[in-house]
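Residues per chain are reported as follows:
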Amino acid sequence: MDNIKKIGNFKDWVDPAWREEIISKEGRPGIMAEWKGRHDVYNKMIAGGWDPSVVYWWHYQPQHVSFTLPTPPWLKEGCKIKWWFVKLIPGQVNPLHTDSKEKIKLYWLPLQDYEFGHVFLIDNQLINDYVLGDVFEFNGGNFPHGSSNISTSVRVTLVIKEYLE
Ligand SMILES: [Fe+2]
């Protein structure tokens, strides 16, 4: 777990309306075709049987929601960040991939308590020891990760990318 650490619980910072809004509407469709040229593993995945046109997950960037995210309390005011939410309705997946080699830190925050069937794999670990508002820090995005929802409830997570340079 060297690359992953839980830095605290920030449930008080989370507005329950974020999750409600995300559940209530469609964001940007998460399709594999968008990974062409962006993720090294793309060609291998398509060859392996992934369908480039299926909506496997839903993605929400600032332009897809009515709210703005206040500065996360564990970060310094004015730091350079990007954020997005990922929604997996039961049956959806975010295929295993590796993100950029940029100098970044990633923060991952679930918008509901862990539920059996909410699968999150990263850096050879299954992450299941969490509750709403926990924040996990990942040391860059340069290791394989992915998630799936084989439960009976929607799974919403927030990812914040902090640029270190
Ligand atoms: Fe990722």
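Before any of the text, the structure's been laid out above.
A brief structural summary. Residue positions within a chain follow its written sequence, with the count starting from 1. The model is predicted, so local features are restricted to residues of pLDDT at least 70 and side-chain atom pairs to those at 80 or more, both for listing and for counting; the totals for chains, interfaces and linings are taken over all residues.

**Quick notes on the environment of Asn-9**
Under the DSSP-based scheme used, a helix requires at least four consecutive residues in state H or I and a strand at least two consecutive residues in state E, with every element numbered from the N terminus. Assignment of secondary structure puts Asn-9 in strand E1 (residues 4-9). Separated by 40 residues in sequence, Asn-9 and Gly-49 have C-alpha atoms that sit 38 Å apart. What counts as a contact here is a pair of residues whose C-beta atoms, placed from the backbone, lie within 7 Å. Other than its neighbours up to four places away in sequence, Asn-9 contacts Gly-133 and Asp-134.

**Quick notes on the sheet that holds strand E6 (residues 104-110)**
By the convention used here, strands pair only if DSSP detects at least 2 bridges between them. Pairing within the open sheet is antiparallel, and its seven strands lie in the order E1-E9-E6-E11-E4-E3-E2. Looking at the sheet topology across the chains shown, the edges are occupied by E1 and strand E2 (28-30). Mean inter-strand twist for the sheet, computed between neighbouring axes without regard to direction, equals 25 degrees. Inspection of the sheet shows strand E3 (residues 57-60) paired to strand E4 (residues 81-88) by three bridges, in the antiparallel sense. Following the sheet pairing, Trp-58 is matched in E4 by Lys-87. Strands E3, E4 and strand E11 (155-163) of the sheet are contacted by helix H1 (residues 16-24), whose axis makes an angle of about 115 degrees with E11. Helix axes are fitted only over the stretch in contact, all axes being lines through C-alpha atoms; the angle between N-to-C directions runs from 0 to 180 degrees.

**Observations regarding the environment of His-145**
Relative to the elements of secondary structure, His-145 occurs in strand E10 (residues 145-149). Whether a residue is buried, exposed or partly exposed follows from its count of other C-beta atoms within 10 Å of its own C-beta, namely 20 or more, 12 or fewer, or something in between, respectively; the C-beta atoms are built from the backbone. Judged by the 22 C-beta atoms lying within 10 Å of it, His-145 is buried. Spatially, the C-alpha atoms of His-145 and Glu-34 are 17 Å apart, while their sequence positions differ by 111 residues. Setting aside its immediate chain neighbours within four residues, His-145 contacts Leu-96, Leu-121, Ile-122 and Asp-123.

**Section: the nonpolar core**
The biggest cluster of nonpolar side chains holds 22 residues, and the ones touching the most others in it are Phe-85, Tyr-107, Trp-108 and Phe-136. If you list the elements that add at least two residues to this core, you get E3, E4, E6, strand E7 (118-122), strand E9 (134-138) and E11. Tallying contributions element by element places E6 first for this core, with five residues. Contact partners of Tyr-107, with chain neighbours within four places excluded, come to Pro-72, Val-135, Phe-136, Glu-137, Ile-160 and Glu-162. A set of buried Ala, Val, Leu, Ile, Met, Phe, Trp, Tyr and Cys residues, joined through C-beta atoms within 7 Å, is what we mean by a nonpolar core.

**Describing the pairing of E1**
Counting buried positions along E1 yields zero of six residues, so the element is predominantly exposed. Bridge count between E1 and E9: five bridges; the pairing is antiparallel. Residue pairing across strands places Asn-9 opposite Asp-134, the latter belonging to E9.

**Observations concerning the pairing of E6**
For a regular strand, the rule is simple: side chains alternate between the two faces of the sheet. Most of E6 is tucked away, with six of its seven residues classed as buried. Two elements, E6 and E11, share seven bridges in a ladder whose sense is antiparallel. Across the sheet, Leu-109 pairs through a bridge with Leu-158, a residue of E11. Two elements, E6 and E9, share three bridges in a ladder whose sense is antiparallel. Within E9, the position partnered with Trp-108 by the bridge is Phe-136.

**As for the sheet that holds E7**
One open sheet accounts for four strands, arranged E5-E10-E7-E8; its pairing is antiparallel. A strand with exactly one partner marks an edge of an open sheet, and here the two such strands are strand E5 (93-97) and strand E8 (125-126).

**Side note on unusual backbone geometry**
One non-glycine residue with positive phi stands out, namely Asp-123, at about 50 degrees. Along the chain, Asp-123 falls in the loop between E7 and E8. Among the residues examined, Asp-123 registers 15 C-beta atoms within 10 Å and is labelled partly exposed. In the Ramachandran plot, Asn-124 falls in the positive-phi region, its phi being about 65 degrees despite a non-glycine side chain. For Asn-124, the location among the structural elements is in the loop between E7 and E8.

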